[in-house]
Amino acid sequence: MLDALTVAVAVTALALAAWCGIAAYRDQPTKDWHFIGMAVVSVLALAQLLVGIVQLARGERPEQGMTIFIAYLIGAFAAVPAAGFLSLTERTRWGSVTVAAGAVVLAVLEVRLYDIWGN
């Protein structure tokens, strides 16, 4: 895995979590600019998914097993879009809380991906 990409995804996910957490604290639902932030984080997660697939295709293997690595890659890619979709159905402050929680989950998944790969 690319360490810089892993850090970039985790940091942007935590920034999104803080941003949506502040919106929830202010009793605001997710707004259009939050969805732009989710798109940025999702594009980074997609880049990481593609890098992971390319590395597996080149014959590199994670230390803790390929199946769990692929599962975590897919989960990391899906965490923020799933939270964003749920926030569309909940147009109160809880939609912002949902996105903040999904972004924190993504940051934790990034740490775990780093460990699974063996760095």
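Residues numbered from 1 in each chain as written. Predicted model: local features only at pLDDT ≥ 70, side-chain atom pairs only at ≥ 80, totals over all residues. Heavy atoms only, no water.

(A) Local environment of the overall build of the chain. Within the chain, the regular secondary structure consists of four helices and zero strands. What you see in the chain, going N to C, is helices and strands ordered as α-α-α-α. Its C-alpha radius of gyration of 15 Å places the chain within 12% of the 14 Å reference for a compact globule of 119 residues. By its C-alpha atoms, the chain is 50 × 20 × 20 Å across when sized along the principal axes. By sequence separation, contacts in the chain at least 24 residues apart represent 81% of the contacts at least 6 residues apart. Accessible surface for the chain amounts to roughly 6,300 Å². Of this, 71% is attributable to carbon and sulfur atoms. Of the charged side chains in the chain, 7 are positive and 8 negative; the average position of the first set lies 6 Å away from that of the second. (Helix = DSSP H or I, 4+ residues; strand = E, 2+ residues; numbered from the N terminus. Rg over C-alpha atoms; globule rule 2.2 N^0.38 Å. Contact = heavy atoms within 4.5 Å. Areas by Shrake-Rupley, 256 points an atom, 1.4 Å probe, with all protein chains shown as cover. Lys, Arg positive; Asp, Glu negative; His and termini not counted. Charge placed at Lys NZ, Arg CZ, Asp CG, Glu CD.)

(B) Summary view of the packing of helix 2 (residues 32–57) against helix 4 (residues 93–117). As a packed pair, helix 2 and helix 4 sit with axes 12 Å apart at the nearest point and diverge in direction by 20 degrees. Considered as vectors, helix 2 and helix 4 are oriented roughly parallel to each other. Where helix 2 crosses over helix 4, the handedness of that crossing is left-handed. Listed contacts from helix 4 to Met38, Val41, Gln48, Gln55 and Leu56 of helix 2 are Val99, Leu106, Glu110, Leu113 and Trp117. Partitioning the contact of helix 2 with helix 4 into residue classes produces seven nonpolar, two polar and one charged. (Axes fitted to C-alpha atoms, helices over the stretch in contact; angles between N-to-C directions. Parallel < 35°, antiparallel > 145°, perpendicular 65-115°, else oblique. Left-handed = near helix turned anticlockwise from the far one by under 90°. Nonpolar A, V, L, I, M, F, W, Y, C, P; charged D, E, K, R; others polar.)

(C) View of the pattern of salt bridges. Under the definition given, this model contains one salt bridge. Between Glu60 and Arg58 there is a salt bridge, and its shortest N-O distance comes to 2.4 Å. (Salt bridge = Lys/Arg side-chain N within 4 Å of Asp/Glu carboxyl O.)

(D) Up close: helix 1 (residues 3–25). In this model, helix 1 (23 residues) spans 33 Å end to end at C-alpha, consistent with the 33 Å of a helix rising 1.5 Å per residue. Phi turns positive one or two residues past the end of helix 1, at Asp27, with a value near 60 degrees. (Expected span 1.5 Å × (residues − 1).)

(E) The arrangement of the environment of His34 in detail. Here His34 lies in helix 2. The spatial distance from the C-alpha of His34 to the C-alpha of Gly84 is 9.0 Å, given a sequence separation of 50 residues. In contact with His34, not counting residues within four places along its chain, are Leu16, Trp19, Cys20, Ala23 and Pro29. Looking at His34, its side chain comes within polar contact range of the main-chain nitrogen of Lys31, at 2.9 Å. (Polar contact = N/O pair within 3.5 Å; in protein donor to acceptor, adjacent residues only side chain to side chain.)

(F) Geometry of unusual backbone geometry. A positive phi angle, near 60 degrees, is found at Asp27, a position not held by glycine. As for its placement among the helices and strands, Asp27 is situated in the loop between helix 1 and helix 2.

(G) Molecular detail of the packing of aromatic side chains. If you walk through the whole model with that rule in mind, you get one aromatic pair. Look at Phe69 and Trp117: their rings are 5.0 Å apart centre to centre, the planes differ by 45 degrees, and that puts the pair in the tilted class. You can see Phe69 sitting in helix 3 (residues 66–89) and its partner Trp117 sitting in helix 4, a full 48 residues away along the chain. In this structure Phe69 comes out as buried when scored by relative accessible area, which is 0%. Positioned above the aromatic ring of Trp94, the side-chain terminus of Arg93 is 5.5 Å from the ring centre. Taking NZ or CZ as reference, Arg112 lies 5.7 Å from the ring centre of Tyr72, over its face. (Phe/Tyr/Trp six-rings, centres within 6.5 Å; stacked < 30°, edge-to-face > 60°. Buried < 20%, exposed > 50% of the residue type's maximum accessible area, 1.4 Å probe, protein only. Lys NZ or Arg CZ within 6 Å of the ring centre and 35° of its normal.)

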